[in-house]
Amino acid sequence: QVQLVESGGGLVQAGGSLTLSCAASGSRFGLRGMGWHRQAPGKQRELVAAIARDYVTNYAESVKGRFAISRDNAKNLVSLQMNSLKPEDTAVYYCAATAPWGSGYEHWGQGTQVTVSS
C-alpha cells in the first residue's frame, strides 16, 4: 500500500509558475510509475504528466514545453514544475502511482487546487 500527499497548489496569475510536490509513503517507490492528473469542473480527469520507473517522461500536448515532471527515489518524492501557467490550467491536480512494475494507476492522493487568474 502507498499513500500520496500533494502540496504546492494555490492561486497564481497567468504566466506565473508553481511547483507541485507529492510525497509517497510505503514501499518500492522506485518500482512505481508516477503521474500527475488534473480535473477541472465539469471535465473528465486527464493525465498531465507521467514519469516511469526508468525516468522516461511523457506529457499531455497542452502542457508540453511548460510543465516538467521529476522524481527523487531517495526521498519518495515526485514533483511537477509548472511554468507559463494559463487560466485553462485551473484544476484540482492529483498525484497517482502504479503498483510496483505495473502500468495502471492504483493509488491516488487527495488532490491540490491550482487556480490561474487571467
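What counts, and where the lines are drawn
Residues numbered from 1 in each chain as written. Predicted model: local features only at pLDDT ≥ 70, side-chain atom pairs only at ≥ 80, totals over all residues. Heavy atoms only, no water. Helix = DSSP H or I, 4+ residues; strand = E, 2+ residues; numbered from the N terminus. Buried < 20%, exposed > 50% of the residue type's maximum accessible area, 1.4 Å probe, protein only. Contact = heavy atoms within 4.5 Å.

**Re unusual backbone geometry**
Argument step 1. For R28, which is not glycine, the phi dihedral falls at a positive 60°.
Argument step 2. By the element assignment, R28 lies in the loop between β3 (18–26) and β4 (34–39).
Argument step 3. Positive phi, normally seen in glycine, also occurs at S84, with a value near 50°.
Argument step 4. Mapped onto the fold, S84 is located in the loop between β8 (77–82) and β9 (91–98).
Argument step 5. Residue S84 is classed as partly exposed on the basis of its relative accessible area of 41%.

**Here we look at the side chain of N76**
Argument step 1. Topologically, N76 is positioned in the loop between β7 (67–72) and β8.
Argument step 2. Under the relative-accessibility criterion, N76 is labelled buried at 19%.
Argument step 3. Excluding anything up to four places from it in sequence, N76 contacts C22, A23, A24, G26 and F29.

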